[in-house]
Amino acid sequence: MRYGLLLRRNLFRRRLRSLLTLGGLACAVALFATVESLNDGLEKALGGDQARRTLVVYRKNRYCPQTSHLPEYYAREISRLDGVSSVLPVKLFLNNCRTSLDMITFQGTPVETMLKQRRIELVSGDLARFEREPDAALVGRGFAARRGITVGENFRFSNVNVKVVGIFRAAESTEEEIILTHLEYLQRAGPVNRLGTVTQFDVLVDDPDRAGAVATAIDELFADSEEPTDTRPKIAFLESATRDLREILRFGRIFGLSCALVALALMGGTVVMGVQERYREFGAFRTIGYKARHIAGLVLGEAFLLAVLGAATGLGLATLLVAFGGIAVGVEGVQVAFSLTPMLFGKGLAMALICAGLAAAVPAWRAARIDVVQALRTI
Amino acid sequence: MSFIELSRVTKTYRRAGHVVSPLVEVDLVVEQGEFFVLLGPSGSGKSTLLNLLAGIDRVDSGRIVVGGRDLSALGPGALADWRAENVGYIFQQHNLVPVLTAYENVELPLGLLPLGRADRHERVALALEAVGLGDRHDHLPRQLSGGQEQRVAIARAIVADPPLLVADEPTGNLDADSADAVLTLLQRINRERGATIVMVTHDPRAARRGSRAMRLDKGSLRHFDHEEAGA
């Protein structure tokens, strides 16, 4: 039996209905993939190797980078503590402290220490020029792609105006969404000159298992100072910073599931109508010698073909949105990129196929069990 | 040599709460190569008998043997295989698949047989040629006249070269000229291919095209006399 031919032709038999179903399914898959891509991005952000070895020292009782100010000299004192491998003072400047779809994050650091501590690799540009020129900047490839930034351009936001001399990739996904500058340049360039202060310290410890003890030692060291600290493992810091985001994600997933149910109902309606109007045709097939399983195969095949086309369209839409939509969710200076992985494409396709299977199972079973004589009498 | 043997065949079914018995202990023998015509008023059970012969319905009691096979002994799967190889069914309303071309519709039964692409092509081309539609391969059913659609349906019924053709009011929906052409075609198929044909009709004039006719009424069969009927 030429299944492929019959399946294709039958989908085109009711073009508008097939297109509407395909469109609904594509929207559901696109939404599902986009929500899940944020979840994957979040997991990637929280799952980096380096995060296990890194502590973030923040100003106690401050929750936004714009209000956390710590003396830069803390770095020297922290580096003397037992178990500390290196300390990176970081000055953050960003456009929005709250949850945002278009966050701009500048990170000013001492260049030499930063290049030692962070695992970044230039994909284009000139590293020597970055080290040499105080207003030069390296842009994470995620941010560069979102904003269409290329090497040689100037990038300006508020009082900060930098020359882009390189685009980099990083081992930690959150770092690919930032702009790296010289520390002093950023300290001076912000709306308020805060030379000598930083937002946080990234502390690399020798042994990940001792991270908790080192964090306690740091906070005890500055407990009585004017600017007390709150030190947490980077993973805990990221988890805390992205708490709101995870709540939004949970809601998004419920929304995505609802859309999948709507798609299921839509597809179910299409399959049921398709079967009802073809009872007589199925009767003719059975008379010719086709078996019940052939008829069930036809019904299921059409649903699965619709699902594959809908999933492909939906995943294409999601890819376009993520690749060219210029969106990344940021909160409290931490940016999470939407991450479309092959696994996610598989999940999107599986979701569509499950919808198709559920929607078509009963109609296929009923079509397979038709009474041939009754079916041939159907008007 | 008998090709079809019905022995004490009874069939009843329920319709709107009433038990209807269109066939009561019917006996019938149809010879191989015969063009047998079954007449009778609407609701007399002609189509029921045809469906039993074609293996798409089951008897309540009695026995049907076609080409040496006892149909009551076959399970649903085996019966479907038997139909694919042995029966060509011509419907009153042709029942072509609207999204397939004439060629693809005729090719449908061959999808169930172990044939190569070239064999299938040759058989479909011959069948369409035999019904005079050799130049209509790529036409969809909606692009054909009623008579042409019925001829495509006949081509579909003969393409697998089955020994038995059953036709349920094949001219019921056609104008006089098209009906005449279809009956002439069935006669030719019967003569040239040697296929046994069982045709159901309520038209006595159509019945004259067969080699033998019987009338089914009130559950039993009796000989049909063309002269008596004035056909």
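S.K.: Looking at this structure, I do not really get the overall build of chain A. What am I missing?
M.R.: Assigned secondary structure in chain A consists of 15 helices and 14 strands. By the compact-globule yardstick of 21 Å for 379 residues, chain A is too spread out, its C-alpha radius of gyration being 28 Å. Here the C-alpha coordinates of chain A stretch approximately 90 × 45 × 30 Å along the principal axes. The 379 residues of chain A split such that 46% are buried. Looking at chain A alone, contacts between residues at least 24 apart form 84% of all its contacts between residues at least 6 apart.

S.K.: Explain the sheet that holds strand S7 (residues 164–168) of chain B to me, please; I cannot follow it from the model alone.
M.R.: All names here are of chain B. Strand order across the open sheet formed by six strands is S6-S7-S8-S3-S9-S10, with mixed pairing between neighbours. What marks the edges here is a single partner per strand, and that holds for strand S6 (87–90) and strand S10 (220–223). Pairs of neighbouring strands in the sheet enclose a mean axial angle of 20 degrees, with direction left out of account. Relative to strand S8 (residues 196–200), S7 runs parallel, the two being bridged by five bridges. Paired with Leu 164 across the bridge in S8 is Thr 196. Across the sheet, helix H5 (residues 146–158) is in contact with S6 and S7; its angle to S6 comes to roughly 170 degrees.

S.K.: Any chance you could explain the pairing of S8 of chain B here in plain terms?
M.R.: The two faces of the sheet receive side chains in turn, since in a regular strand these alternate between them. Residues and elements named next belong to chain B. Taking burial as the measure, the five residues of S8 include five buried ones, the bulk of the element. Because side chains alternate across S8, one face comprises the buried residues Thr 196, Val 198 and Val 200, and the other comprises Ile 197 and Met 199, equally buried. The sheet contact formed by strand S3 (residues 35–39) and S8 spans four bridges and is parallel. Following the sheet pairing, Phe 36 is matched in S8 by Val 198. Tracing the backbone out of S7, into helix H6 (residues 176–193) and back to the parallel element S8 gives a crossover that is right-handed.

S.K.: Can you walk me through helix H12 (residues 279–288) of chain A in this structure?
M.R.: Along H12 of chain A, eight of the ten residues are buried, which leaves the element largely enclosed by surrounding structure. Buried residues of H12 of chain A: Glu 281, Phe 282, Gly 283, Ala 284, Phe 285, Arg 286, Thr 287 and Ile 288 of chain A, and no others. Lining the buried residues of H12 of chain A we find helix H13 (292–324), helix H14 (342–368) and helix H15 (372–377) of chain A together with helix H2 (76–86) and S6 of chain B. After H12 of chain A finishes, the residue Gly 289 of chain A shows a positive phi value of roughly 130 degrees.

S.K.: How should the domain arrangement of chain A be read in this particular structure?
M.R.: How big an interface is tends to be reported as the loss of accessible area on association of its parts. Residue and element names in this part refer to chain A. Its domain assignment divides chain A into domain 1 (3–45 + 244–377) and domain 2 (49–241). Taken residue by residue, the interface counts 17 residues in domain 1 and 22 residues in domain 2. Among the elements of the structure, helix H2 (15–46), helix H11 (243–276), strand S13 (328–331) and strand S14 (334–337) are those that each provide at least two residues to the side of domain 1 that touches domain 2. The residue inventory of the side of domain 1 that touches domain 2, partitioned by class, reads nine nonpolar, five polar and three charged.

S.K.: Got a minute to help me understand the nonpolar core in this structure?
M.R.: Note that soluble globular proteins tend to have their nonpolar side chains buried in a common cluster. Residue and element names in this part refer to chain A. If you look at the biggest cluster of nonpolar residues, it comprises 178 residues, and the most contacted ones within it are Leu 25, Val 29 and Met 267. For this core, the element with the highest residue contribution is H2, accounting for 13 residues. When we break this core down by domain, the ones giving at least three residues each are domain 1 (3–45 + 244–377) and domain 2 (49–241). Val 29 has contacts with Gly 310, Ala 311, Gly 314, Leu 315, Gly 348, Met 351 and Ala 352, leaving out every residue within four places of it along the chain.

S.K.: How do you make sense of the interface of chain B and chain A when you look at a structure like this?
M.R.: If you look at the interface, chain B gives 20 residues, while chain A gives 17 residues. Top element by residues in the side of chain B that touches chain A is H2 of chain B. It accounts for five residues. Of the residues assigned to the side of chain B that touches chain A, the class counts are twelve nonpolar, four polar and four charged.

S.K.: What is the right way to read unusual backbone geometry from this model?
M.R.: With the exception of glycine, the majority of residues adopt a negative phi angle, and the majority of peptide bonds are in the trans configuration. All names here are of chain B. Phi is positive for Asp 161, close to 55 degrees, though the residue is something other than glycine. Tracing the backbone through its elements, the reader meets Asp 161 in the loop between H5 and S7. Here Asp 161 falls in the partly exposed class, since 15 other C-beta atoms lie within 10 Å of it. In this structure, Glu 169 is a non-glycine residue whose phi angle is positive, near 50 degrees. Mapped onto the elements, Glu 169 comes out in the loop between S7 and H6.

S.K.: Explain the confidence of the model for chain B to me, please; I cannot follow it from the model alone.
M.R.: Atomic detail in the predicted coordinates should be set aside for any region of low pLDDT. Looking at chain B, pLDDT values average 89 and 97% of them are 70 or higher. Overall fold confidence (pTM) sits at 0.77, and the ipTM for the predicted complex is 0.91.

S.K.: How do you make sense of the environment of Arg 210 of chain A when you look at a structure like this?
M.R.: All names here are of chain A. Take Arg 210: it is sitting in the loop between strand S11 (200–205) and helix H9 (211–221). Between the C-alpha atom of Arg 210 and that of Gly 83, which follows or precedes it by 127 residues, the distance is 7.5 Å. Sequence-distant contacts of Arg 210, defined by excluding residues within four places in its chain, comprise Gly 83 and Val 205.

Cut-off values and rules
Residues numbered from 1 in each chain as written. Chains lettered and ligands numbered in written order. Predicted model: local features only at pLDDT ≥ 70, side-chain atom pairs only at ≥ 80, totals over all residues. Helix = DSSP H or I, 4+ residues; strand = E, 2+ residues; numbered from the N terminus. Rg over C-alpha atoms; globule rule 2.2 N^0.38 Å. Buried ≥ 20, exposed ≤ 12 C-beta atoms within 10 Å, placed from the backbone. Contact = placed C-beta atoms within 7 Å. Pairing = 2+ DSSP bridges. Axes fitted to C-alpha atoms, helices over the stretch in contact; angles between N-to-C directions. Right-handed = clockwise from strand over helix to strand, strands pointing away. Domains from an automatic or database assignment. Nonpolar A, V, L, I, M, F, W, Y, C, P; charged D, E, K, R; others polar. Core = buried A, V, L, I, M, F, W, Y, C linked by C-beta atoms within 7 Å. pLDDT = per-residue confidence, 0-100.

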